[in-house]
Amino acid sequence: MAEFAFELNDDQKQVRDWLHGFAADVIRPAAAEWDEREETPWPVIQEAAKIGVYSLDFYAQQFFDPTGLGIPMTMEELFWGDAGIALSIVGTGLAAVGVLANGTDEQIGTWIPQMYGDADEVKVAAFCSSEPDAGSDVGAMRTRAVYDEATDEWVLNGTKTWATNGGIANVHVVVAVVDPDLGTRGHASFIVPPATPGLSQGQKFRKHGIRASHTAEVVLEDVRIPGHCLLGGKEKLDERLARARERAQDAGGERVKNAAMATFEASRPAVGAMAVGTARAAYEVALDYAMTRSQFGRPIIDNQGIAFQLADMRTRIDASRLLVWRASWMAATGKPFTSAEGSMSKLYASETAKQVTAQAVQILGGNGFTREYPVERMHRDAAIYTIFEGTSEIQRLVIARTLSGMPIR
């Protein structure tokens, strides 16, 4: 078992520096343009694919890093470059995690490569869980999956929303209700293969931040998929549903895993690392500005009001990174989140990103409010971290329930 370390090893540092160079040389120069265009930055994704940053092999290497630090290190460096473009590059990973968390070895080997494509023809994938009336309240999900035994097909109907890469993806991973009587325990995840009839893109959202990342509704109308597209297989699903029904009669029974929650539990520290990257980027701009901007004959960092803000910003960033690394290491080494450490890392890092980017705008003053400086964009981008993949309020609820064992509402 890998020991928890406060420093990256030499191999990890080499990968980090390589990613940082790509973020500095390719992502940052393109950030303002694609933010304004509000379009998927396909040329940047293709550049990432050409050098191996956008590939199944690279993310597999980072995902299976025994220290658990490969993914958070990757996320921090890419999102240091720009959150919108970085999300376009890593957004496929959420769908891949959905398959890894719930799929069989055969499904993992079949579908994850199709999510990425190759350097000549890049593809993206989408994870579809949220619905117009079911965001934080996954129990309100209405998208149904009904099994047609005569044809060994599942029929999906419903509307998903807030789907990164929704509608433009080669492969969609869809969470749907298979037994409405079981609430969240009656959910399952499905692969919708490329060009499946009945799946279409609904509304594309015009967003406050992360505007280079495509976010849209996904509409499912009598979408028929083969039985083998049920992640985990029908035998495993039937066993899980049977346990859930038993648990409904026996409150002290075994906890039954929910398909969407399994994905989010695995990805929360990674989202925390994204937030750390954005916060660090804004802090660095603010520090450089404070050391070079003069007022009343001296650099503004000479004023305690500025210097103390920067000290607090850096402290929160480093604390956030340590929480993210701890949770990532625990997940990689099989240690359970007995105190909701995954939610802690996501909560603190996302709140830090919002606070630090706001302070950066304030330190830059009027310049920080213009698009001539990147902190304005970073501040807009940071707002999403306290919202997606579980709001800050939901993270606090998870933490409080875990610590107390009480059904806090």
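Heads up: the structure comes first, above all this text.
Residues numbered from 1 in each chain as written. Predicted model: local features only at pLDDT ≥ 70, side-chain atom pairs only at ≥ 80, totals over all residues. Heavy atoms only, no water.

(A) Just helix α1 (residues 10–37), in detail. The terminal C-alpha atoms of α1, which comprises 28 residues, lie 39 Å apart, in line with the 40 Å expected from a rise of 1.5 Å per residue. Where α1 bends most, at alanine 31, the angle is about 50°. Contacts from the buried residues of α1 go to α2 (42–51), α3 (56–63), α4 (70–81), α5 (83–90) and α12 (375–382). The N-capping residue of α1, defined by a side-chain oxygen 3.1 Å from the backbone nitrogen of aspartate 11, is asparagine 9. Just beyond α1, the residue with positive phi is glutamate 38, at close to 55°. (Helix = DSSP H or I, 4+ residues; strand = E, 2+ residues; numbered from the N terminus. Expected span 1.5 Å × (residues − 1). Bend = angle between axes of the 7 residues up to and from the residue. Contact = heavy atoms within 4.5 Å. Polar contact = N/O pair within 3.5 Å; in protein donor to acceptor, adjacent residues only side chain to side chain.)

(B) Examining the nonpolar core more closely. By size, the foremost hydrophobic cluster in this structure holds 107 residues, and its most contacted members are Leu78, Phe79, Ile89, Met115, Phe190 and Tyr385. Excluding its chain neighbours within four sequence positions, the residues that come into contact with leucine 78 are Leu19, Phe22, Ile27, Val53, Tyr59, Ala86, Ile89 and Val90. (Core = buried A, V, L, I, M, F, W, Y, C linked by side-chain atoms within 4.5 Å. Buried < 20%, exposed > 50% of the residue type's maximum accessible area, 1.4 Å probe, protein only.)

(C) How the structure looks around the packing of α1 against α12. Contact pair α1 / α12: the axes reach a minimum separation of 11 Å and the direction vectors enclose 70°. Between α1 and α12, the angle is such that the two are roughly perpendicular. Our pair here, α1 against α12, has a crossing hand that is left-handed. Contact residues: Arg28, Ala31, Ala32 and Asp35 in α1; Arg377, Met378 and Arg380 in α12. Classifying every residue of the contact of α1 with α12 by side-chain character gives three nonpolar, no polar and four charged. (Axes fitted to C-alpha atoms, helices over the stretch in contact; angles between N-to-C directions. Parallel < 35°, antiparallel > 145°, perpendicular 65-115°, else oblique. Left-handed = near helix turned anticlockwise from the far one by under 90°. Nonpolar A, V, L, I, M, F, W, Y, C, P; charged D, E, K, R; others polar.)

(D) Here's a closer look at helix α7 (residues 105–116). Under the 1.5 Å per step criterion, the end-to-end length of α7 is 18 Å for twelve residues, consistent within 8% with the ideal 16 Å. Within α7, burial applies to Gln107, Trp111, Ile112, Met115 and Tyr116. An end-on view of α7 places all buried positions within 130° of arc, on one side of the element. Where α7 is buried, its residues touch α3, α6 (92–102), β1 (125–128), β4 (171–177) and β5 (187–192). (Arc of directions from axis to C-beta.)

(E) Spatial organisation of the packing of α6 against α7. In the contact formed by α6 and α7, the axes pass within 10 Å of each other and the chain directions differ by 175°. As summarised for this structure, α6 and α7 are arranged roughly antiparallel, according to the angle between their axes. Touching Thr92, Gly93, Ala95, Ala96, Val99 and Leu100 of α6 are Gln107, Ile108, Ile112, Met115 and Tyr116, all from α7. For the contact of α6 with α7, a count of residues per class yields eight nonpolar, three polar and no charged.

(F) Focus on the environment of glutamine 249. Positionally, glutamine 249 belongs in helix α8 (residues 234–249). With a relative accessible area of 74%, glutamine 249 lands in the exposed category. Expressed as a C-alpha distance, the spacing of glutamine 249 and alanine 95, which sit 154 residues apart in the sequence, is 33 Å.

(G) Main features of the packing of aromatic side chains. Taken as a whole, this structure holds twelve aromatic pairs when the rule is applied. Here the aromatic cluster, defined as three or more aromatic residues joined through ring pairs, consists of Trp18, Tyr54, Phe58, Tyr59 and Tyr116. Sitting over the ring of tryptophan 34, arginine 37 keeps its end group 4.1 Å from the ring centre. Here lysine 234 stacks its cationic end above the ring of tyrosine 147, 4.9 Å away from the centre of that ring. (Phe/Tyr/Trp six-rings, centres within 6.5 Å; stacked < 30°, edge-to-face > 60°. Lys NZ or Arg CZ within 6 Å of the ring centre and 35° of its normal.)

(H) Seen up close, the pairing of strand β7 (residues 215–226). Examined bridge by bridge, strand β3 (residues 153–164) and β7 share nine bridges and lie antiparallel to one another. Paired with lysine 160 across the two strands is valine 218, which belongs to β7. (Pairing = 2+ DSSP bridges.)

Interpretation note: all reported values are geometric properties and have no functional meaning in isolation.
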